[in-house]
Amino acid sequence: MKAIYKRELKSYFTSFLGYLFIAFFLLFIGVFQYLYNLRLGYANFARAVNGTATFFLLLVPMVTMRILAEEKRQRTDQLIFTSPVSVERIVIGKYLAIVTVFAIAVAIVCVYPIILHNYGATNYKVAYTTIAAFFLLGCTYMAIGMFISALTESQVFAAVVTFIVILFTLMIDLLVQMLPTGNELALAILIILAVIIGVITYVMMKSKVVTGIFLVLSVGGLIVAFLVNRQSFDGSLARIFGWLSVQSRFSLFMYGIVDISSYIYFLSMIFLFVFLTVQAIKKRRWEA
Amino acid sequence: MITVEHLVKQYGDFRAVDDLSFTVEKGEILGFLGPNGAGKSTTMNMITGYNSATEGDVTINGFNVYDEPEKAKRCIGYLPEIPPVYPDMRVKEYLSFCTELKEVPKKERKAEVERVMELLHVKHMQNKMIKHLSKGYRQRVGLAQALIGNPEVLILDEPTVGLDPMQITWMRKLIRSLGREHTVILSSHILFEVNAVCDRVLIINHGKKVIIDTPDNIIRTLGGTNGVRVVVRAGEEAFRTAISGISNISRCDALDEQVEEGLTAYAVYSSDGGEIRDRIAAACAKRGIALFEMNAIQKTLEDVFIEMTGKEGDTK
């Protein structure tokens, strides 16, 4: 793991990608800081951080698209996957390397509130809890991006899909407002979603039994729940999709709310997607 | 040392490897021989645990590759068809990365890098970027990587491809010497190479085992013909008349072969496998035909290989 991590981290700084990532990141946050804190005179540094979060859309695919595809292209995957290092440790090593590149950028940003403090009152608590949330948000997006890059051999495809997924999580709050709130419609849409997930499971696992059990349990469960308590379906779509909104969990910090559950949410998402990446790689090597 | 049992690799409807079983003993060099697409690389990828098998098992040094992958992989050094090198790394840097990856104890890493660099003669290139190396040097760096940690088993996929003739000879010698301490599987489609380097040969075609034996045994059992090559100073007509009296001759062909001025070579086959050389000699002497050479026709490994794998005409 350490070997993979060290090599990977070094490669970010021999190939300019790491510098490019940090430079763009600091550029974006600099622009927002200038705009909010210096130009508009807000004392809240969190606003600048919040504005920058949108740019994960561009910055994350840039580093995650090549994370696994590059090894495949160079055929060096044959070296690392035949070494006595497990897939788990390879993935974690690679993930920690991009997180470190991001952490370097965030560490530089941590100096900003201190500088701002010289020219007025800065709420350190708000500033640093927001920066911490921002860091975890970025790490979550990177885990998602890494998972997507594990699914495909094409770097372009990985970048585009990551872009779309992040865009979706940014827009989800808007979309939620458009969702119908009626309970029958909610049931119908949830059943359709269950069927779609069932089809995906079948395509990925090729097991009729597992898919069958999943469909019976999920669709049956939904119908039973609906019959027992139909009111609980009111607005359920908005709740479910709202839960997926990575962004909304981040914006709370801007208003001075230290939401520990959001930290835990981000950490669980990171864990989930790192785990899924490992599974995707194992499965692909099973087929290849 | 290496046991492969009923190995199968299925890609959809296509069976790339079909029920392959063999064992390799400690200190043995096994050659994998087969036309392109016969399943050599696929089998090697399964032995090294890079890909999984659809069915079957691979055991290295007592460790099952799929059940105890880390332990099994520790015993293997693998040089894939394309050397797995990072173009943006320097030779020495890459090899020290490999020592770390292969969990060589920290204190021994430096010495290990030096050892493999010396063995493969890449020491003078140690500070060069791998992307600036020629194919031959990349191949050497790739092999150096496989030798790191001195693994008991070496799996080498076409180790001499892309090397110049000098390097090929050197590489063969090196593999031969490695075979004294390591168990080696190497693949090739160059028959001469397999014959020169390997203790045993496994010929595979369409993913199936055709034969596994020593090169000599393969030639002895499959290479025997009933033919005799005869070089005489005589016209075809005269020679045919001379041997027409021998009862157990089935065929006589004039060979399209360059021999000395005025001489002609013929291939003469007996119908029952019995000795005909003495009779041919006697017949020639009787007719006053000068006999220059006579020897039994032996098939080469190449002939056997083509016969066993080339029936569908896809041999390359």
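Refer to the structure printed above.
Residues numbered from 1 in each chain as written. Chains lettered and ligands numbered in written order. Predicted model: local features only at pLDDT ≥ 70, side-chain atom pairs only at ≥ 80, totals over all residues. Heavy atoms only, no water.

> Is there a simple way to explain the overall build of chain B in this structure?
When helices and strands are counted, chain B shows 11 helices and 14 strands. Computed over its C-alpha atoms, the radius of gyration of chain B comes to 25 Å, more than 25% above the 20 Å expected for a compact globule of 316 residues. Dimensions of chain B along its principal axes, counting C-alpha atoms only, are 80 × 45 × 30 Å. In chain B, buried positions account for 51% of the 316 residues. In chain B, 67% of the contacts between residues at least 6 apart in sequence involve partners at least 24 apart. (Helix = DSSP H or I, 4+ residues; strand = E, 2+ residues; numbered from the N terminus. Rg over C-alpha atoms; globule rule 2.2 N^0.38 Å. Buried < 20%, exposed > 50% of the residue type's maximum accessible area, 1.4 Å probe, protein only. Contact = heavy atoms within 4.5 Å.)

> Even after reading the chapter, I still don't get the nonpolar core, so can you show me in this structure?
In globular proteins that are soluble, nonpolar side chains generally tend to be buried together. Within the largest apolar cluster, 122 residues are counted, with the highest numbers of intra-cluster contacts made by Tyr95 of chain A together with Tyr94 and Leu95 of chain B. In terms of residue count, the dominant contributor to this core is helix H9 (residues 124-151) of chain A (15 residues). One finds Ile2, Ile76, Val153 and Leu202 of chain B within the second-largest nonpolar core, a separate group that totals 27 residues. (Core = buried A, V, L, I, M, F, W, Y, C linked by side-chain atoms within 4.5 Å.)

> Sorry if this is basic, but what is going on with the sheet that holds strand S8 (residues 183-188) of chain B here?
Sheet strands pair via backbone hydrogen bonds, and the direction of the pair is either parallel or antiparallel. All names here are of chain B. Strand order in the open sheet made by the six strands is S6-S7-S8-S3-S9-S10, with mixed pairing throughout. Looking along the sheet, the strands with just one partner apiece sit at the ends: strand S6 (76-79) and strand S10 (208-213). Across this sheet, the average inter-strand angle for adjacent strands is 15 degrees, counted without regard to direction. Relative to strand S9 (residues 200-205), strand S3 (residues 29-33) runs parallel, the two sharing four bridges. Within S9, the residue paired with Leu33 across the bridge is Ile203. Sheet strands touched by helix H5 (residues 135-147): S6 and strand S7 (153-157). Its angle to S6, the strand with the most contacts, is close to 165 degrees. (Pairing = 2+ DSSP bridges. Axes fitted to C-alpha atoms, helices over the stretch in contact; angles between N-to-C directions.)

> What exactly am I supposed to notice about the pairing of S6 of chain B here?
All names here are of chain B. Neither face of S6 is open: one carries Ile76 and Tyr78, the other Gly77 and Leu79, and all of them are buried. Examined bridge by bridge, S6 and S7 share four bridges and lie parallel to one another. In the strand pairing of S7, Tyr78 is matched with Ile155.

> Would you take a moment to explain the packing of helix H2 (residues 17-39) of chain A against helix H7 (residues 87-109) of chain A for this structure?
Residue and element names in this part refer to chain A. Between H2 and H7, whose axes approach to 9 Å, the crossing angle comes to 35 degrees. In this structure, H2 crosses over H7, and the sense of that crossing is right-handed. On H7, the residues touching Gly18, Phe21, Ile22, Phe25, Leu26 and Ile29 of H2 are Val101, Phe102, Ile104, Ala105, Val106, Ile108 and Val109. Tallied by class, residues from the contact of H2 with H7 come to 12 nonpolar, one polar and no charged. (Left-handed = near helix turned anticlockwise from the far one by under 90°. Nonpolar A, V, L, I, M, F, W, Y, C, P; charged D, E, K, R; others polar.)

> Sorry, what's going on with the packing of helix H4 (residues 56-64) of chain A against H9 of chain A here?
All names here are of chain A. One way to put it is that H4 packs onto H9 with a least axis distance of 9 Å and a crossing angle of 50 degrees. As the angle between them shows, H4 and H9 are arranged oblique. Judged by the sense of rotation from one axis to the other, the crossing of H4 with H9 is right-handed. Contacts from Phe56, Val60, Val63 and Thr64 in H4 reach Phe134, Leu137, Gly138, Tyr141, Met142, Gly145, Met146 and Ser149 in H9. Along the lines of polarity and charge, the residues of the contact of H4 with H9 split into eight nonpolar, four polar and no charged. (Parallel < 35°, antiparallel > 145°, perpendicular 65-115°, else oblique.)

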